[in-house]
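# Overview (structure and organization)
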Amino acid sequence: MYGTEMTMRIAIAGGGLGGLTLARILRRHGIDAVVYEREASRSARSQGGMLDLHPESGQQALAEAGLADRFRSEARPEGEEHRILDPAGRTLVHHKPDPGSFSGRPEIDRSTLRDLLLDSLPGDAVAWQHRLVAATPRPDGGFGLTFHGGHRTDCDILIGADGARSVVRSLLTDARLSYVATLVELDISDADRRHPDLAELVGPGNLWCIGVNQILAAQRLGDGTIRVGISLRAEDRDIDTYRSKRALLDLFDGWDSGLTALIEAGDGAPTPRRIEAMPIGTRWSNQPGITLIGDAAHLMPPVGEGANQAMLDAAELAGELAANPADPDSAIRTYEEAMFTRTHAIAEMSARVQAMMLSPTAADDITRFFTARPTEPAPAD
């Protein structure tokens with residue numbers, strides 16, 4: 001018990017969208033927290049592609065963060081445009097959103113959204129270059145934190161927002177990740193000037209070219225960059241195989257050359273990574289002073305829910321802590337029970353969509369999926 005005001009030291013491991021949303025909403029409730037982020041600065045690395053924020057999750061969290069207007073000024077409703085082609089370049093589906101409408105799931109670049117959240121926090125709310133390597137329960141409650149380089153600090157409440165490879169997760173569950181797909185990424189910068197044909201092909205939103213067990217996708221970012229993503233089934237093949245454009249082009253042999261030009265035009269070498277997921281329905285026994293949000297809690301295939309659920313986790317946890325500052329352990333328990341229930345069904349859906357997208361019959365299946373729900377925007381994570 002901590003009295004009627006929350007004077008505890010709250011540590012949030014991880015300065016991604018979930019961790020920053022949590023810090024922002026807590027601060028609106030008068031509760032301070034420190035975000036410990038491994039990167040050296042906000043611009044230390046690329047933040048990835050664009051996200052479609054859902055009204056019931058990501059957008060709701062931003063509203064609770066007091067950032068809905070800022071989001072609307074930065075988001076791109078036109079980014080919801082979505083084309084699906086076959087390997088010959090024939091259009092299977094073409095979804096166009098209503099011009100300027102925010103009623104669906106408008107797109108925003110992940111880096112823009114992160115900057116929006118960072119700008120809403122005071123400078124001392126994020127401790128950069130603090131990669132958590134160990135968290136040790138203290139005899140009197142709370143945790144001792146050790147960071148790369150040897151720096152140490154203590155906290156009363158530890159919230160793991162530290163993503164797929166969460167250090168905090170290991171204190172709560174020994175759930176193992178499974179390898180579900182391979183994603184290979186390339187960027188094409190200044191596409192309108194350098195590759196106008198590809199800029200026109202991709203359009204203002206998402207392009208998917210769907211083959212048998214593989215997808216060649218592209219999306220336009222706000223700065224004019226085209227981000228190319230190649231999704232392949234999980235294989236035993238060495239991940240370094242995919243660092244060569246030549247090897248990728250061989251995988252798409254026989255495809256229309258106007259589509260494979262997306263690979264050839266990439267700036268530099270491709271970047272491959274394994275896509276992993278946690279077992280569906282992972283739960284843990286509640287423990288005092290510690291919990292997880294986002295990918296640390298429920299890593300799913302990247303089909304449009306990851307960032308949205310992380311931000312909703314943050315909003316719901318912040319709301320429970322603010323509503324019950326005298327008993328944070330009870331607040332965490334209430335949050336966890338609701339989160340386990342909510343994310344179970346979403347994890348099942350994400351696994352089904354991931355399997356469908358990389359199946360032999362993906363083109364037919366996905367065409368039916370989008371034709372049945374013509375206003376459903378493209379999954380993007």
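Shown above is the structure to which this text applies.
Summarised in this report is the structure supplied together with it. Only a predicted model underlies this, so the values are computations on that prediction, with no experimental measurement involved. (Residues numbered from 1 in each chain as written. Predicted model: local features only at pLDDT ≥ 70, side-chain atom pairs only at ≥ 80, totals over all residues. Heavy atoms only, no water.)

### What to know about unusual backbone geometry
Located in the positive-phi region is Gln 129, a residue other than glycine, with phi close to 60 degrees. Mapped onto the elements, Gln 129 comes out in the loop between strand 7 (126-127) and strand 8 (132-137). Classification of Gln 129 by relative accessible area gives exposed; the value is 57%. For Asn 213, which is not glycine, the phi dihedral falls at a positive 65 degrees. (Helix = DSSP H or I, 4+ residues; strand = E, 2+ residues; numbered from the N terminus. Buried < 20%, exposed > 50% of the residue type's maximum accessible area, 1.4 Å probe, protein only.)

### A few points about the side chain of Glu 276
Positionally, Glu 276 belongs in strand 16 (residues 271-277). Apart from residues no more than four positions distant in its own chain, Glu 276 is found in contact with Arg 165, Leu 177, Ser 178, Tyr 179, Val 180, Leu 299 and Met 300. (Contact = heavy atoms within 4.5 Å.)

### Looking at the nonpolar core
Leu 22, Leu 145 and Leu 158 are the most contacted members of the largest nonpolar core, which totals 62 residues. No other element matches helix 10 (residues 306-323), which puts seven residues into this core. What Leu 22 contacts, discounting residues up to four positions off in sequence, is Ile 12, Ile 159, Ile 293, Ala 314, Leu 317 and Ala 318. If you look at the next biggest cluster of nonpolar residues, it comprises 28 residues, including Leu 198, Leu 249, Ile 263 and Ala 265. (Core = buried A, V, L, I, M, F, W, Y, C linked by side-chain atoms within 4.5 Å.)

### Some remarks on the side chain of Gln 214
With respect to the element layout, Gln 214 can be found in strand 14 (residues 214-220). The exposure class assigned to Gln 214 is buried, which follows from its relative accessible area of 12%. At a separation of 3.1 Å, a polar atom in the side chain of Gln 214 contacts the main-chain carbonyl oxygen of Leu 251. When sequence neighbours within four positions are dropped, the list of residues in contact with Gln 214 reads Cys 209, Ser 231, Leu 232, Leu 251, Phe 252, Trp 255 and Leu 358. (Polar contact = N/O pair within 3.5 Å; in protein donor to acceptor, adjacent residues only side chain to side chain.)

### Regarding the pairing of strand 9 (residues 143-147)
A large share of strand 9 lies buried, amounting to five of its five residues. Neither face of strand 9 is open: one carries Phe 143, Leu 145 and Phe 147, the other Gly 144 and Thr 146, and all of them are buried. Pairing of strand 8 with strand 9 involves five bridges; the strand directions are antiparallel. Considered in strand 9, the bridge of Leu 132 is made with Phe 147. Remark: five residues form the turn of the hairpin made by strand 8 and strand 9, two consecutive strands paired antiparallel; Gly 141 in that turn has positive phi of roughly 100 degrees. Here four bridges tie strand 9 to strand 10 (residues 152-155), and the two strands are oriented antiparallel to one another. Bridging from a neighbouring strand, Gly 144 pairs with Asp 154 of strand 10. Between strand 9 and the antiparallel strand that follows it, strand 10, lie four residues; Gly 149 among them carries a positive phi value of about 100 degrees. (Pairing = 2+ DSSP bridges.)

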